[in-house]
Amino acid sequence: MTHLKLAEELPGHVGLPILGETLDIISTQGWGLAKNYQKYGPVFKTRLSGKNYVVLVGPEASRVVLQEKADHFSSYLGLGPFMEPIFGRPMMLQDGELHRYTRRLMSPAFHSRAIATYFKCMQHEVDRCLSQWLERGIVPLKNEFNQLALRIGIRLLLGVQSEHDIEQIEQWYGTLVQGVFTLLRWDVPFTTFGRSQMARRQLRQLLQDIITERKRQGHLQASQDVLGLFLASVDAEGNALAEAQIIDEMIHLLNGAHFTTATSLTWALVELAALAEWRERLRQELNQVLQNESLNLGHLSHLTQMTNFLKEVERVYNPSGVVLLRGVVKEFDYAGYRIPPGWGVIVAQGLTHRAPDIYTAPDHFDPDRFAPPREEDKKHPFSLIGFGGGEHICIGIEFAKMEMKILLATLLRHYDWSVTPEYQQLRSKKFPFQAERWLQAKLQIRQ
């Protein structure tokens, strides 16, 4: 029998007393773990806010945590203290059977039949957004994609169509998410967190009013938005999701629509602005698939090179974040160490995505790595997990992919663009997110 070492014997650096490496990891959005990975290898320890964590890198580690031994870990204990004050307790923070039950009732809203009904709205908002860019000249890229993704989310997730209501929700939501990044969490009016909590209460009340009115109107089964389908969904015994749960889900889904999609689109445009070969390849593919027709839902599945391009964006830029956090609820063994309950686990998918034993020249942006015969992500399950994996994989993944393909297809077909700062200046940045606020784009009609 192999002797297992105690978790305390893991290599690593625990940082400052109490705080540990919290400030470094938060300030770098997880990329600060890269130096520890280079020094200690794919299994090491750290400490965040007084709690011990084991950091795991590699597809096998991701498979163990997200699939094989998923019941040994808690999403709530990993993310709850950080996220619950802002987003409540959505499915992402649930565990075990409760998580599976909630996901079953939410799934009809993200089934392919439902997703198909969202195409027209997405295309309308994309056309509207790009035409406004053209009029305005130079635009702040990430901020514009944040706004686009949020507007699509408000319309298709909440079913809100009034321009006044959309603008009000945008304002409240912008205030709400500012509270995510505050360490001083006092719910008083003069603090960022206090203003965030006020916006949260206003959003919740608005959503409650919308739900009450939607139920009064009836015909929920015919809904063409996520909120209506959530309200219509029932289990075999006729039980539905609680209204408070639905409100938490809607607020959190807005965050996913707003954050991950906008990040992916931002870096997709940066890469395409620099890579003339890929602009031309994707345009040729579009011409072959569309054959002078207007873009429709059926075309999207045939854009295989665009699919590979977006996979590479997912690999390099990790739209949902560089790390996944879990709390350990059952002792588990990994790499010769015994990790006890009470510890945390950091699944460092951003580092896995840069592992040279999985991806050839991992620092090089190369969408062809996902095309046959290479298909580097298929050599090991859980090699590409920008949207998570296992039971907790992002429920809106197809929603996000459709939105991104509509935007790229429309842009490539009708426009040319440039991005500043120049690509080489951006590639010199150690962490991609450090450059996002400075990115600007200029659009022009293709000749």
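One structure accompanies this document, and this report is about it. (Residues numbered from 1 in each chain as written. Predicted model: local features only at pLDDT ≥ 70, side-chain atom pairs only at ≥ 80, totals over all residues. Heavy atoms only, no water.)

### Quick notes on the overall build of the protein chain
Counting its regular elements, the protein chain contains 18 helices and 11 strands. The C-alpha radius of gyration of the protein chain comes to 22 Å, within 12% of the 22 Å expected for a compact globule of 447 residues. If one aligns the C-alpha atoms of the protein chain with their principal axes, the spans along those axes are about 65 × 55 × 45 Å. Looking at the protein chain as a whole, 54% of its 447 residues are labelled buried. (Helix = DSSP H or I, 4+ residues; strand = E, 2+ residues; numbered from the N terminus. Rg over C-alpha atoms; globule rule 2.2 N^0.38 Å. Buried < 20%, exposed > 50% of the residue type's maximum accessible area, 1.4 Å probe, protein only.)

### Some points on the pattern of salt bridges
Here the structure, examined in full by the defined rule, presents 31 salt bridges. Between E97 and R100 there is a salt bridge, with the nearest N and O atoms lying 3.3 Å from each other. Residue E97 and its partner R100 are both found in helix α5 (residues 96-106); the two are separated by three residues, about one turn of the helix. A salt bridge links K311 to D377; the shortest N-O distance between them is 3.2 Å. Of the two residues, K311 is situated in helix α15 (residues 304-317) and D377 in the loop between α16 (349-352) and α17 (397-414); the sequence distance between them amounts to 66 residues. A relative accessible area of 12% places D377 in the buried class. (Salt bridge = Lys/Arg side-chain N within 4 Å of Asp/Glu carboxyl O.)

### Here we look at helix α9 (residues 163-178)
Compared with an ideal rise of 1.5 Å per residue, which puts 16 residues at 22 Å, α9 spans 23 Å between its outermost C-alpha atoms and is within 8% of the ideal. Three or more residues of α9 are buried, namely I166, I169, E170, W172, Y173, L176 and V177. Taken together, the buried residues of α9 touch α4 (75-87), α8 (141-157), α10 (192-217) and α12 (243-274). (Expected span 1.5 Å × (residues − 1). Contact = heavy atoms within 4.5 Å.)

### Things to note about the sheet that holds strand β9 (residues 344-347)
Read across the sheet, five strands follow the order β2-β3-β9-β6-β4 without closing on themselves; strand pairing throughout is mixed. In the strand order of this sheet, the two ends are held by β2 (43-48) and β4 (73-74), each with one partner. Relative to strand β6 (residues 324-328), β4 runs antiparallel, the two being bridged by two bridges. Among the inter-strand pairings, S74 is bridged to a residue of β6, identified as G327. Sitting on the sheet, helix α2 (residues 33-40) touches β2, β3 (51-56) and β9, and the angle it makes with β2 is about 145 degrees. Packing against the sheet, α4 makes contact with β3, β4 and β6, and its axis sits at approximately 120 degrees to β6. (Pairing = 2+ DSSP bridges. Axes fitted to C-alpha atoms, helices over the stretch in contact; angles between N-to-C directions.)

### Here we look at the pairing of strand β11 (residues 440-445)
Across three bridges, strand β5 (residues 138-140) lies against β11 in antiparallel orientation. Residue V139 lies in a different strand from β11, and its bridge partner there is A441.

### Remarks on the pairing of β3
When β2 meets β3, the two strands line up antiparallel, connected through six bridges. Bridge pairing in β3 links L48 to K51. Joining the antiparallel neighbours β2 and β3 is a turn of two residues, in which S49 adopts a positive phi near 50 degrees.

### Section: unusual backbone geometry
Following P372, the chain continues into P373 via a peptide bond in cis, with omega recorded as 5 degrees. Along the chain, P373 falls in the loop between α16 and α17. With an omega of 0 degrees, the peptide bond between T420 and P421 qualifies as cis. Inspection of the secondary structure assignment puts P421 in the loop between β10 (415-420) and α18 (423-427). The phi dihedral of H219 is positive, around 60 degrees, even though this residue is not glycine. Structurally, H219 can be placed in the loop between α10 and α11 (226-232). Unlike most non-glycine residues, A335 shows phi in positive territory, near 55 degrees. Position of A335 among the secondary structure elements: in the loop between β7 (332-334) and β8 (337-339).

### Some thoughts on the side chain of S223
Among the secondary structure elements, S223 is positioned in the loop between α10 and α11. Side-chain polar atoms of S223 contact the backbone oxygen of L220, separated by 2.6 Å. Contact partners of S223, with chain neighbours within four places excluded, come to R214, G228 and L229. (Polar contact = N/O pair within 3.5 Å; in protein donor to acceptor, adjacent residues only side chain to side chain.)

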